[in-house]
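Here is what each chain is made of, one letter per residue.
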Amino acid sequence: MIKAGIHGTLSTVTSDLVRLLIFHPDVQLTAIADPNILGSQRLDQIFPSLFGDCDDLRVGRSIDNLQDLDVLFCTNPADVPAEALLTLDSKPEFRLIVLGGFAGDNMVYGVPELNRKAMVRGARAVCCPAPVAMSAELALFPLAKHLMLNSPITVEAEMTEAGELPLSLVSDEISAALSSVQTSFSSPVTVHATKCPTGIRVTARLQCRVCLPELERIYQEAYSDHNFTYLLPVMPEASHVKGTNKCFIHIQKNDDTLTLTSVIDPRFKGSAGNAVHCMNLLFGLHERTGLNL
């Protein structure tokens, strides 16, 4: 069994991670810590929805011995404890997964559709994207792989939490991720955000002269051997992926203007589900293990 711990300020991400991990067939969740908490508290008193699922789990200010863990999930880049980095150095079997955006050097960027090989082949530390960045990048990566990003990109994000991160940071994250795939990419990425009732729906617009049938072929090929990302022939809605680890993408063209629409559930594909997906790859498990939501 993989012994797992969670560290960071308690949030819905914590609750979702707990639920996925306690029902994961290959994981034993043994420790949860919030550096801001007073004393020790039962987790199901903090998150009543977990009552009956985790009667013995308690939350303290820190995890006594990270050496006892195989993997630590940190729910925010700012919450990564120094002890976790030391454990990476001293325990070769230890893995670190950080949610919420770029977390530092020497970490694999946690998009399995982009970096699955790196995770399977011995990566030890992963930083998972911010939810809006994840949705936008999945829509744009196939173009970057074919060196087709040659114009400014406008990203309109409809999401339940309009202030998940400063938009400038989301824009920087998307730009850096695209540049890591297409090194010649230097166009600006502009991100706008509005609220919607559920999920995340991203619309990315750019100039592209490639015909629609060829673009559809490129996207089908890019995601044909991945388990959670699909090109749809119809316009997807955020409600279509609610409660799942899926991403649905749709392509439209009007003359040379290409419009890409991508939808994910920010609580799963955008955070907890993607983190578990990355964990599965790091430990050699099938991608869908514990994620048949």
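Anything mentioned here points back to the structure above.
Just so we're clear, the structure is a prediction, and the values are computed from it rather than from any experiment.

The rules we used
- Residues numbered from 1 in each chain as written.
- Predicted model: local features only at pLDDT ≥ 70, side-chain atom pairs only at ≥ 80, totals over all residues.
- Heavy atoms only, no water.
- Helix = DSSP H or I, 4+ residues; strand = E, 2+ residues; numbered from the N terminus.
- Expected span 1.5 Å × (residues − 1).
- Bend = angle between axes of the 7 residues up to and from the residue.
- Buried < 20%, exposed > 50% of the residue type's maximum accessible area, 1.4 Å probe, protein only.
- Pairing = 2+ DSSP bridges.
- Axes fitted to C-alpha atoms, helices over the stretch in contact; angles between N-to-C directions.
- Contact = heavy atoms within 4.5 Å.
- Core = buried A, V, L, I, M, F, W, Y, C linked by side-chain atoms within 4.5 Å.

(A) Looking closely at helix H5 (residues 131-145). An ideal rise of 1.5 Å per residue puts 21 Å on 15 residues; H5 measures up with 21 Å between its terminal C-alpha atoms. When the local axis directions of H5 are compared, the greatest deviation, roughly 40°, occurs at Ala139, which is followed within four positions by the proline Pro142. With 14 of its 15 residues buried, H5 lies for the most part within the structure. Leu147 lies just past H5 and shows a positive phi near 60°.

(B) Inspection of the sheet that holds strand S12 (residues 229-231) at higher detail. Taken in spatial order, the 6 strands line up as S10-S9-S11-S14-S13-S12 in an open sheet, and their pairing is mixed. The outermost strands of the open sheet, each flanked by one partner alone, are strand S10 (189-195) and S12. In this sheet, neighbouring strand axes are inclined to one another by 20° on average, regardless of whether the strands run parallel or antiparallel. Bridge analysis of strand S9 (residues 153-159) against S10 gives 7 bridges, and the strand direction is parallel. Looking at S10, one finds that Thr154 is bridged to Thr190. In the packing of helix H6 (residues 167-181) onto the sheet, the strands contacted are S9 and S10, and the crossing angle to S10 comes to about 135°.

(C) Summary view of unusual backbone geometry. At Leu147, a position not held by glycine, the phi torsion is positive, near 60°. Within the secondary structure, Leu147 sits in the loop between H5 and S9. Exposure remark for Leu147: the relative accessible area of 55% places this residue in the exposed category. The phi angle at Asp255 is positive, at roughly 55°, despite the residue not being glycine. As for its placement among the helices and strands, Asp255 is situated in the loop between strand S13 (247-254) and strand S14 (257-264). The class for Asp255 is exposed, based on a relative accessible area of 70%.

(D) Main features of the nonpolar core. Residues Leu96, Leu143, Ile153 and Leu260 are the most contacted members of the largest nonpolar core, which totals 58 residues. No other element matches H5, which puts 10 residues into this core. Setting aside residues up to four positions removed in sequence, Leu96 forms contacts with Leu72, Cys74, Val80, Ala84, Leu85, Leu88, Met107, Arg124, Ala125 and Val126. Of all hydrophobic cores here, the second largest spans 38 residues; its members include Val18, Leu57, Ile97 and Met119.

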